Amino acid sequence: MAQVSLQNVKKIFPGDVVAVDSVSFGVESKEFMVLVGPSGCGKSTILRLIAGLETASEGNIYIGDRRVNSIPPKDRDIAMVFQNYALYPHMTVYGNMAFGLKLKKYPPEEINSRVKEAAAILGLERLLNRKPKELSGGQRQRVAVGRAIVRKPKVFLFDEPLSNLDAKLRVTMRTELHRLHIRLQCTMIYVTHDQTEAMTLGDRIVVIKDGIIQQVDTPTNVYNKPVNKFVASFIGAPPMNFLEGRIVSKAGRLYFDEGNFRIKIVEDMYDALADHVNVRVMMGVRSEDIYDKLFVSEAPPENIVTVTCEVVEHLGSEVYIHMSTGKHIFIARVSGDADPQINQDIDMVFDMSKIHFFDKATETTII
């Protein structure tokens, strides 16, 4: 397996459209790296640049120790799995998986061995004589992955491979891809707009917006330590709640004043917020860090906010409560035992040790 490195890579399309803007990051050998961001952010373009399907306007791309900017796709020792599977409809599963090896003049015995090995890994042994039209969406996706596996490339590239599948099948295929990575111990770069896929699959995540990298880190750190408001809002379901207000000081203590309520900030955050006293900021709080007071044994009075329930979503083991402070709408994710009623006033408890603060002007993280 090989490392992949992008150094100040830029892609400008005709009309001076900057799709990728000075992107730099590295993928370690055997790492599963996920590029995630909204549609049109440039993540698929980055993947195509690595594959050689697009040419970088500036910067360098390395696979292993080799600079590959001017090397054609067929000589980069990569395999790419596309969103639409790209299977040959007139060929059998075996034929689709073997086609690339035949073009490279591999001996028939080795082709047969590689195809059968990949089919065994992916559970396709009984489907080798079928054609794509006889397969389900999940089976077609496995064939597309199998076609990549037989080549035994240095790097696997996945361009939103699960987006055409239904929700249940996406979960199944996500697990299969994770197992595949563990079994093959290979370098994988995976593009998705689905933050759940990014969180569950990636060893690390590259969060992208408007062609610019926002953060590169582990899923846990991206979730718990977002560098800016965009990352905080994009990663997590439901998204992080944001409330605008001011940091105020009273009797040596700091509070967040939303206008309709005031809550005490934990002392560990005082130093970081010292320069933001009497300044408007954005407070961010995850839905799971807001609790119904009825289910909290010890709730500090200064952490309790009375809100009005506007919408209730029952999800079995969890309930999403959409609430209003009078100025802001936010969502709490509480136990399925809760039974809030529309228009009911509820006392909610904020876990202030897990609060995030963002500069209102720059939207970068203060804490």
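Computed from a prediction, not measured in an experiment: that's the story for all the values here.

Participant: Explain the packing of helix α4 (residues 137-149) against helix α5 (residues 167-184) residue by residue, including any values.
Facilitator: In a packed pair of helices, the relevant descriptors are the angle between the two axes and the axis-to-axis distance. At a minimum axis distance of 11 Å, the contact between α4 and α5 shows a crossing angle of 20 degrees. Relative to α5, the element α4 lies roughly parallel. Here α4 runs over α5; the crossing is right-handed. Two secondary-structure elements touch here, α4 through G137, G138, Q141, R142, V145 and I149 and α5 through L169, M173, E176, L177, L180 and L184. A per-class count over the contact of α4 with α5 returns 7 nonpolar, 3 polar and 2 charged.

Participant: Which residues make up the side chain of E197, and what values go with them?
Facilitator: In this fold, E197 is placed in helix α6 (residues 195-201). No salt bridge is formed by the buried E197; its nearest oppositely charged neighbour, R170, is found at 4.5 Å. At a separation of 2.8 Å, a polar atom in the side chain of E197 contacts the side chain of Y190. With near-sequence residues (within four places) excluded, E197 lies in contact with L162, R170, R174, Y190, T192 and G202.

Participant: Go over the packing of aromatic side chains with me, naming the residues and quoting the values.
Facilitator: Two measures describe an aromatic ring pair: the distance that separates the ring centres and the angle between the ring planes. Taken as a whole and judged by the stated rule, the model has 9 aromatic pairs. Each ring, one from F156 and one from F158, has its centre 6.4 Å from the other, and the planes form 15 degrees; the classification is stacked. Considering the side-chain rings of F158 and Y190, the 5.8 Å spacing of their centres and the 35 degrees angle between planes classify their relative orientation as tilted. Placement of F158 in strand β7 (residues 155-159) and of Y190 in strand β8 (residues 187-192) is noted, with a sequence separation of 32 residues between them. Taken together, the ring pairs in this structure connect F32, F156, F158 and Y190 into an aromatic cluster. The aromatic ring of F242 is capped on one face by K229, whose charged end is 5.0 Å from the ring centroid. Positioned above the aromatic ring of Y223, the side-chain terminus of R286 is 4.0 Å from the ring centre.

Participant: Describe the sheet that holds strand β11 (residues 241-250), with residues and values.
Facilitator: The antiparallel open sheet is built from 5 strands, whose spatial order is β13-β12-β11-β14-β20. This sheet does not close on itself; its edge strands, each paired only once, are β13 (262-264) and β20 (356-359). Averaged over all adjacent pairs, the angle separating strand axes in this sheet is 40 degrees, with direction ignored. Pairing geometry for β11 and strand β12 (residues 253-257), over 5 bridges, is antiparallel. Within β12, the position partnered with K250 by the bridge is R253.

Rules and cut-offs
Residues numbered from 1 in each chain as written. Predicted model: local features only at pLDDT ≥ 70, side-chain atom pairs only at ≥ 80, totals over all residues. Heavy atoms only, no water. Axes fitted to C-alpha atoms, helices over the stretch in contact; angles between N-to-C directions. Helix = DSSP H or I, 4+ residues; strand = E, 2+ residues; numbered from the N terminus. Parallel < 35°, antiparallel > 145°, perpendicular 65-115°, else oblique. Left-handed = near helix turned anticlockwise from the far one by under 90°. Contact = heavy atoms within 4.5 Å. Nonpolar A, V, L, I, M, F, W, Y, C, P; charged D, E, K, R; others polar. Buried < 20%, exposed > 50% of the residue type's maximum accessible area, 1.4 Å probe, protein only. Lys, Arg positive; Asp, Glu negative; His and termini not counted. Salt bridge = Lys/Arg side-chain N within 4 Å of Asp/Glu carboxyl O. Polar contact = N/O pair within 3.5 Å; in protein donor to acceptor, adjacent residues only side chain to side chain. Phe/Tyr/Trp six-rings, centres within 6.5 Å; stacked < 30°, edge-to-face > 60°. Lys NZ or Arg CZ within 6 Å of the ring centre and 35° of its normal. Pairing = 2+ DSSP bridges.

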